[in-house]
Amino acid sequence: MMLVDDDSVQNLQKKDSSADRLATSLLNTFNSPFSAHTGLSQHCVYRNVKLYLDTCVMPFYAPHLQHYWQEFPLNEPDIKGRIDALSLRLIYSDTVLHQSLKPETQIAGLVFEMLEQARVESLLPPQWPGMALNIDQLFRHWSRTFHDSGLTDTTVGILLYTLAQMCRARLMAQAVSAETESLIEHTRAALSGAIGTPLSGLRRCQQDQQKYADYALEIAHIIETMIETEQRILAANEGATNTEKVLKGFAILLDVVSHEGEGIATGIIDNNKGRSKVKSVYHVFTTQFDKVVFPAKLVRAELLREYRTHLDKLVLQQTININRLARQIVLKLSQLELDGWQSAKDEGYIDGDRLPLIVCSPSETALFYQAHLKPIIHSQVSFLVDCSGSMKTHANKVATLLDILVRALDVAKVETEVLGFTTGAWNGGPALKQWRRQACPPHPGRLNSVSHLVFKQAKQSWRSGRLGLASMLKLDLYKEGIDGEAVEWASQRLLNQETQRKILIVISDGSPMDTATHQTNDPLYLDNHLKDVVFAQQRLGVEIIGVGVGIDLSSYYPRNLAIDLGQELDVSLFNTLVDLITSTKR
């Protein structure tokens, strides 16, 4: 059995052997009695902060295994710690037994989930000190994040936070850190009397999941009662409670969890199969027909020049001041950096080399030197255009809009890339035929080929890429749209660049749609994948902005703008787009 992170951990594998070590340790346990009992297959995948067994999300929702605060990004040890913690859960916890005992209520279910994860982490063998270090660093990062988010300022928050610290310290036989000690001192004293006896039972029975669960359930119900009492008191005093925010921070809306449309599904266990019946992970039936296309190479040279002439006329009709737009971009996107020193100034630092001038010219005042600051831009902007059939009517306006923006960014010395996405065929094409030849297996996943289009590459200037931009007017490219994979592809191209800020502008007129995929999977299959991809790529550092052509894209892109291309492309529209692109809000 191999546990693989097909996002961030792939990069870690190049730097050290942590992932290889983990895969080896899990492989050694594959034939263990427990693994045979749970019926685990050999396809465990870690993606977007969730663990998938084959194509199903594993119902592991311990608080410190989740990550919801984008302003507190994960580092490499945290990512490896999450992988290690999940591997221990696979090895030492009977998922079917755990799900059959877990309380149905949210608060009790949270505590029970948290205590089970603490149990399996306490069973880590001493011969794996690296894993112990990773898991400890992960828990400390979660503790700091939860505290820094302000959740410990609430009564419910500090109660659950203290419980997590107490139980982990008891099971691990470790002292609570000094900074945490002072924070939880008062609450721990109050909790000790209420849960002291079952807490001791946790330590005695940590090797026996069934007996351990009895004490864990007792603690869960005690905490639930305390929180419900606190809620009633606050309600009686007409006070506002932050309980929902706290529970969200602990990631335990276990019946149906949905964070920012991320779609974390419930784990409902089938005792016959020993796995959760949950939303399938996005997958692809075949990549055999996928391709990356340079549209300018598909158009005859004479026709491409005609497209360019037509686009030039459209741009001239807009009467937009390119240089003025470029100055706005430089002003808002640049950072001042030291570019040498200037001497012979009337103020600044004293220049020792010019002091002798005072003797021969007492009235001389240019005796100082100053730093010379130069505006530098460390950003790259990529545009990703939805080239589905419904966008054909907007092709002229979109091409004009992008030509002006790319030219202004080029004058401002900002690298730009213009990409597009469509499908290789209508209604599935060769991929659908291949699926039918294989007797139509259920849940095939993406059932069409994707065509990712490169209209202008990042290293090209506007002048050298102007013919490629004109190829957006080739309307027979426009078919259907699989947005999630396109956003992931464009984001990865950005992440391969060394620039500090990576900005992706997605221009679309609606939700993802591929007929063959839609008819053979659940109705929101492509929508959910797009939301997952946007969430994941933002965590990796890509600033993604959705520009809806006559539609609100806020359900997919937290940062978004709706524009009406039925109107003229006036100055106010370009000013709004420049403000959106250059905004530092993440």
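Just so we're clear, the structure is a prediction, and the values are computed from it rather than from any experiment.

**Details of the environment of Tyr215**
With respect to the secondary-structure elements, Tyr215 resides in helix H10 (residues 209-236). Judged by relative accessible area, Tyr215 falls into the partly exposed class, the value being 24%. For the pair formed by Tyr215 and Leu199, sequence separation is 16 residues and the distance between their alpha carbons is 7.2 Å. Not counting chain neighbours up to four residues away, the residues in contact with Tyr215 comprise Pro198, Gly201, Leu202, Arg204 and Cys205.

**Description of the pattern of salt bridges**
Scanning all chains against the criterion turns up 17 salt bridges. Put simply, Arg168 and Glu121 hold a salt bridge, and the shortest N to O gap is 2.7 Å. Highlighted residues: Arg168 in helix H8 (residues 155-172) and Glu121 in helix H6 (residues 106-122), separated in sequence by 47 residues. This pair shows no difference in class: Arg168 is buried, exactly as Glu121 is. One salt bridge in this structure joins Asp312 and Arg466, with 3.0 Å as the shortest N-O distance. Placement of Asp312 in helix H12 (residues 301-318) and of Arg466 in helix H17 (residues 462-470) is noted, with a sequence separation of 154 residues between them. Here Arg466 falls in the partly exposed class, since its relative accessible area comes to 23%.

**Some thoughts on the side chain of Ser471**
One can find Ser471 in the loop between H17 and helix H18 (483-495). Under the relative-accessibility criterion, Ser471 is labelled buried at 0%. Residue contacts for Ser471: discarding those within four places in its chain leaves Pro295, Ala296, Leu304, Phe455 and Leu477.

About the cut-offs
- Residues numbered from 1 in each chain as written.
- Predicted model: local features only at pLDDT ≥ 70, side-chain atom pairs only at ≥ 80, totals over all residues.
- Heavy atoms only, no water.
- Helix = DSSP H or I, 4+ residues; strand = E, 2+ residues; numbered from the N terminus.
- Buried < 20%, exposed > 50% of the residue type's maximum accessible area, 1.4 Å probe, protein only.
- Contact = heavy atoms within 4.5 Å.
- Salt bridge = Lys/Arg side-chain N within 4 Å of Asp/Glu carboxyl O.

By themselves, these figures tell us nothing about what the structure is for.
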